[in-house]
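# Observations on chain architecture
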Amino acid sequence: MQKLGMGQAVNQALREEMHRDPNVFIAGEGVGVSIHVNPMFPTTGLLEEFGPGRVKDTPVSEAAIAGLAVGAAEAGLRPVVEIMFNPFFTLASDMIVNHAAKLRYLSGGKSSFPLVVRIKSGAGFGAGCQHSHNLEAWAAHCPGLKVVMPSTSADAKGMLKSAIRDDNPVIFIEHMGLYFAPMPVPEEEYLTPLGKADIKRQGSDLTVVTWSGMLGPAMSAAQKLSQEGIEAEIVDLRTLTPLDKETILSSVKKTGRLIVMHEATRTGGFAGEIAAVVMEEGFSYLKAPLRRVTGPDIPVPASPPLERFYIPGEEDLIKAAKEIV
Amino acid sequence: MEIPTQKKIEMLETMLLSRKFSDSLVELCKIQGKIPGMMILSTGQEAVGSGVCAALEPGDVIITNHRSHNHLLSKGADPKELMAEIFCKKTGCNKGKSGTLHLAVPEVNAPCTTTVVGGTLPIAVGRAFAQQYREESAITVCFFGDGAANEGSFHEALNLAALWQLPVIFLCENNLYAGAQRYEEHTRVIDLAKRAGAYGMPGVIVDGNDVQAVYAAARDARQRALEGGGPTLIECKTYRCRGHGETDPQHYQPRDEIKQWQEKCPIPRLSDELVSSRVISSEELKGMESRAEKIVEDAIRFAEESPYPEPHEALEDVYV
Ligand SMILES: Cc1ncc(C[n+]2csc(CCOP(=O)(O)OP(=O)(O)O)c2C)c(N)n1
């Protein structure tokens with residue numbers, strides 16, 4: 001099987017969908033000619049393959065980029081636009097939150113907005129808080145948006161293809177740390193459904209729900225816990241909205257314990273939503289209080305020791321697991 | 001109006017300091033693990049920050065963007081504290097929270113470096129509003145690039161500043177590139193300064209590699225603002241001689257274009273004039289260069305020797 005970083009997997013998905021459907025086009029800052037010449041990046045080579053008519057480099061204008069997607073999608077095109085870093089979602093957010101997410105509803109179901117907003121995210125680059133700020137919970141708070149955060153290259157490819165074919169606006173968040181971690185990706189064509197979590201590791205003692213850049217540390221923590229006789233089940237959420245309650249609840253039913261782990265900050269983070277769902281619908285399954293392993297409530301600092309302090313890791317998960325098992 | 005000799009010397013000094021500072025960073029940022037984050041430099045654009053800041057008084061404010069080092073040094077920020085922050089050390093001006101990209105030096109009225117493109121413009125409006133509100137004899141300068149002029153914030157900020165006649169200079173550092181895009185690939189209007197008319201404010205085009213021209217334009221705009229004449233848009237035409245950041249191979253910038261602009265370097269342009277008109281001797285120029293070099297060496301040593309912050313310090317400074 002081929003091994004690809006997440007950026008390459010995204011690149012394959014874009015390529016395949018652009019070949020399949022002439023309505024698919026991409027737009028964003030540097031999606032054609034970029035300051036990076038790097039085969040690991042998601043849009044490398046697309047301009048050469050599809051030309052400037054379908055690979056649109058835009059000015060530094062996030063509101064216009066998002067609005068371009070909304071308007072073009074209403075006309076039946078399938079835009080895939082890129083927001084360079086997650087914090088710049090705020091500049092695009094009016095078009096996404098107030099328009100992409102609401103206009104179908106406002107039309108009484110007559111219109112649809114089949115667009116994808118790809119966002120590069122994640123801490124760990126020493127770039128500081130105006131480049132690293134995970135805002136997935138903001139997007140998930142908006143009815144009308146699907147929010148996807150894959151953790152593996154294979155899922156990224158299959159889910160981006162599904163997102164492009166989906167008739168809803170999809171926020172597709174890629175962790176840049178995963179661009180450089182080659183992982184197996186099937187050679188043949190496939191789609192991975194949105195809204196379906198994936199159990200990446202079976203376990204009987206504890207459920208860990210996680211996504212995106214945190215899957216790696218969660219899996220390695222699970223291995224270490226296993227050496228101490230604690231078997232963690234790792235649920236890779238993959239899609240935040242619509243939320244796959246069924247997979248979460250049935251796992252918690254089996255294990256009786258829950259930890260939610262995400263890189264984003266704690267207060268108002270999506271872990272709170274999952275915790276609430278489990279309290280409402282799976283309270284009787286719980287043998288111990290649930291735990292959240294998250295970033296602390298601070299902007300992501302630039303200095304390496306501070307940034308490492310920020311990013312939740314294997315050790316934090318092991319500690320939380322031992323508190324409740 | 002004549003430019004005082006002292007001002008010319010001051011501008012040469014800040015340009016030399018900025019150049020030595022960025023030249024040292026070119027090398028330092030190649031060393032694995034030495035400096036985190038993206039290294040964004042303004043080599044060749046020194047005339048802009050140096051010329052503008054020479055026209056300001058200490059009470060005037062600057063709001064700057066990702067390409068900030070020259071602006072901050074010219075405004076009088078301590079090179080040691082800047083360098084230590086760039087190294088992400090505890091002794092840096094922001095205790096390692098900001099790193100190279102978000103240097104904040106409120107002590108010299110440079111309270112904010114924002115890397116969100118276009119972020120400087122509305123903040124400058126607010127800062128200038130406070131100056132007007134308190135009837136201060138001071139202005140705000142907002143630095144931004146040609147790329148930033150295509151964010152919606154540009155439109156909102158310029159309109160509001162003109163409407164309320166706020167004491168602000170919108171200083172567009174047009175270095176011909178925004179990321180990998182050449183100017184004409186992102187903007188149709190030939191001179192950004194022309195947009196000023198649409199907001200009811202004067203727009204001025206300046207040779208951004210001529211520090212004296214930059215100084216004069218900033219001084220005039222400042223004077224007008226202090227007299228209640230409101231904002232000015234100044235477009236300094238210059239060139240980004242290096243990549244967007246230091247990892248950018250500049251594959252999209254024609255080599256001869258880079259070379260042509262390197263030949264228009266603002267530093268010899270001023271120093272040659274000062275030497276040939278005998279304002280300074282070539283020995284004095286050498287002395288100025290080695291003083292700048294010494295300041296940068298001291299700053300690097302200070303940064304190297306400083307400790308990193310303790311991890312738990314990450315939790316400090318979120319709230320007052
Ligand atoms: C809102 C926002 N969008 C995108 C970026 C990524 N980015 C950083 S600098 C830059 C180009 C800015 O060009 P310009 O304003 O001309 O300044 P220059 O870099 O040329 O000094 C871009 C697109 C950003 N930092 N903020």
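Residues numbered from 1 in each chain as written. Chains lettered and ligands numbered in written order. Predicted model: local features only at pLDDT ≥ 70, side-chain atom pairs only at ≥ 80, totals over all residues. Heavy atoms only, no water.

Helix and strand counts for chain B come out as 12 helices and 8 strands. If one aligns the C-alpha atoms of chain B with their principal axes, the spans along those axes are about 55 × 50 × 40 Å. When the 320 residues of chain B are sorted by exposure, 60% land in the buried category. Taking as baseline every contact in chain B between residues at least 6 positions apart, the subset at least 24 positions apart corresponds to 74%. A gap of 2 Å separates the mean positions of the 34 positive and 45 negative side-chain charges of chain B. (Helix = DSSP H or I, 4+ residues; strand = E, 2+ residues; numbered from the N terminus. Buried < 20%, exposed > 50% of the residue type's maximum accessible area, 1.4 Å probe, protein only. Contact = heavy atoms within 4.5 Å. Lys, Arg positive; Asp, Glu negative; His and termini not counted. Charge placed at Lys NZ, Arg CZ, Asp CG, Glu CD.)

Turning next to the interface of chain B and chain A. Across the boundary between the two partners, chain B contributes 38 residues, which contact 31 residues of chain A. For the pair chain B and chain A, the interface holds 0 salt bridges. Where chain B touches chain A, the interface holds 10 residue pairs in polar contact (both at pLDDT 80 or more). Of the residues contributing to the side of chain B that touches chain A, the split by class is 16 nonpolar, 16 polar and 6 charged. (Salt bridge = Lys/Arg side-chain N within 4 Å of Asp/Glu carboxyl O. Polar contact = N/O pair within 3.5 Å; in protein donor to acceptor, adjacent residues only side chain to side chain. Nonpolar A, V, L, I, M, F, W, Y, C, P; charged D, E, K, R; others polar.)

Time to look at the pairing of strand S7 (residues 203-207) of chain B. Residues and elements named next belong to chain B. As paired strands, S7 and strand S8 (residues 232-237) are joined by 5 bridges and run parallel to one another. By the bridge assignment for S8, Val206 is matched with Cys236. One crossover worth recording links S7 to the parallel S8 by way of helix H9 (residues 211-226), and it is right-handed. (Pairing = 2+ DSSP bridges. Right-handed = clockwise from strand over helix to strand, strands pointing away.)

A word on the domain arrangement of chain A. Residue and element names in this part refer to chain A. By domain assignment, chain A separates into domain 1 (2-185) and domain 2 (198-324). For domain 1 and domain 2, the distance between their C-alpha centroids amounts to 26 Å. Facing the 24 residues of domain 1 at the interface are 23 residues of domain 2. Each partner contributes to the roughly 1900 Å² buried at the junction of domain 1 and domain 2, and carbon and sulfur atoms together form 56% of this total. On inspection of domain 1 and its partner domain 2, the count reaches 2 salt bridges. (Domains from an automatic or database assignment. Buried area = accessible area lost by both parts, 1.4 Å probe.)

Right, let's talk about the sheet that holds strand S9 (residues 198-201) of chain A for a bit. Residue and element names in this part refer to chain A. Spatially, 5 strands are ordered S9-S11-S10-S13-S14 in an open sheet, and the strand pairing comes out mixed. Two strands lie at the open edges of the sheet, namely S9 and strand S14 (291-295), each paired on one side alone. Within this sheet the neighbouring strands show an average axis-to-axis angle of 25°, counted without direction. Bridge count between strand S10 (residues 206-210) and strand S13 (residues 258-265): 4 bridges; the pairing is parallel. Within S13, the residue paired with Val209 across the bridge is Val260. (Axes fitted to C-alpha atoms, helices over the stretch in contact; angles between N-to-C directions.)

Not every one of the 21 residues close to the ligand is listed here, only the nearest: Glu62(A), His66(B), Arg67(B), Thr115(B) and Gly147(B). Residues near the ligand are shared among chains A and B, making this a multi-chain site. Within the backbone of Gly147(B), a nitrogen or oxygen atom sits 2.7 Å from an oxygen atom of the ligand. Expressed as a share of its isolated accessible area of 580 Å², the protein-covered part of the ligand is 96%. Class assignment for the residues of the shell around the ligand results in 9 nonpolar, 7 polar and 5 charged. (Near = heavy atom within 4 Å. Areas by Shrake-Rupley, 256 points an atom, 1.4 Å probe, with all protein chains shown as cover.)

Residue and element names in this part refer to chain B. Considering every residue of chain B, the mean pLDDT works out to 98; 100% of them sit at 70 or more. The secondary-structure element of chain B with the lowest mean pLDDT is strand S2 (residues 112-113), recorded at 97, while S8 shows the highest, at 99. Reported confidences for the modelled complex are a pTM of 0.98 and an ipTM of 0.97. (pLDDT = per-residue confidence, 0-100.)

Packed helix pairs are specified by the crossing angle of their axes together with the interaxial distance, meaning the distance between the axes. Residue and element names in this part refer to chain A. Look at helix H9 (residues 245-255) against helix H10 (residues 270-282): their axes get within 10 Å of each other, and the N-to-C directions meet at 65°. In terms of crossing hand, the pair formed by H9 and H10 is right-handed. Contacts between H9 and H10 pair Lys245, Ile248, Leu249 and Val252 from the former with Ile274, Val277, Val278, Glu281 and Gly282 from the latter. Each residue belonging to the contact of H9 with H10 can be placed in one class, and the counts come to 6 nonpolar, 1 polar and 2 charged. (Left-handed = near helix turned anticlockwise from the far one by under 90°.)

Here we come to the side chain of Lys157(A). Here Lys157(A) lies in helix H7 (residues 153-165). When near neighbours in sequence (up to four residues on either side) are disregarded, Lys157(A) contacts Gln2(A), Ala9(A), Gln12(A), Ala13(A), Glu16(A), Val185(A), Pro186(A) and Tyr190(A).

Looking now at the packing of helix H1 (residues 5-28) of chain B against helix H4 (residues 79-86) of chain B. Residue and element names in this part refer to chain B. Here H1 crosses H4 at 25°, and the two axes come no closer than 13 Å. On the basis of their axis angle, the class for H1 and H4 is roughly parallel. Relative to H4, the crossing made by H1 is right-handed. Here H1 contributes Leu17, Phe21, Ser24 and Leu25 to the contact with H4, which in turn contributes Pro79, Leu82, Met83 and Ile86. A breakdown of the residues in the contact of H1 with H4 according to their chemical character gives 7 nonpolar, 1 polar and no charged. (Parallel < 35°, antiparallel > 145°, perpendicular 65-115°, else oblique.)

So, on to helix H5 (residues 120-133) of chain B. All names here are of chain B. Between its first and last C-alpha atoms H5 spans 20 Å; for 14 residues at 1.5 Å apiece the expected length is 20 Å, and the two agree. Within H5, the full set of buried residues consists of Thr120, Leu121, Ala124, Val125, Ala128 and Gln131. Relative to the axis of H5, the buried residues are bounded by an arc of 135° and lie together on one face. Along its buried surface, H5 packs onto strand S1 (61-64), strand S3 (140-145), helix H6 (152-163) and strand S4 (168-174). A positive backbone phi angle near 55° is found at Glu135, which sits one or two residues after H5. (Expected span 1.5 Å × (residues − 1). Arc of directions from axis to C-beta.)

It is worth spelling out the sheet that holds S4(B) at this point. Residue and element names in this part refer to chain B. With parallel pairing, the 6 strands of this open sheet are ordered in space as S2-S1-S3-S4-S8-S7. Across the chains shown, the open sheet's two edge strands, defined by having one partner strand only, are S2 and S7. Here helix H2 (residues 46-54) sits on the sheet and contacts S1, S3, S4 and S8; the angle it forms with S3, its principal contact strand, is near 170°.

Residue and element names in this part refer to chain A. Regarding H9, the residues found buried are Thr247, Ile248, Leu249, Ser251, Val252 and Thr255. Along its buried surface, H9 packs onto S9, S10, strand S11 (232-236), S13 and H10. A positive phi of about 80° marks Gly256, the residue just after H9.

All names here are of chain A. Within the element layout of this structure, Asp236 appears in strand S11. Here the side chain of Asp236 touches Lys200 through a polar contact of 2.8 Å, side chain to side chain. Not counting the four nearest positions on each side in its chain, Asp236 is found in contact with Ser151, Asp155, Ala197, Asp198, Lys200, Thr210, Trp211 and Leu215.

All names here are of chain A. Sheet topology places S13 next to S14; 4 bridges connect them, and they run parallel. Its bridge partner being in S14, Ile259 is matched across the sheet by Arg291. Each parallel crossover has a hand, and the one from S13 via H10 to S14 is right-handed.

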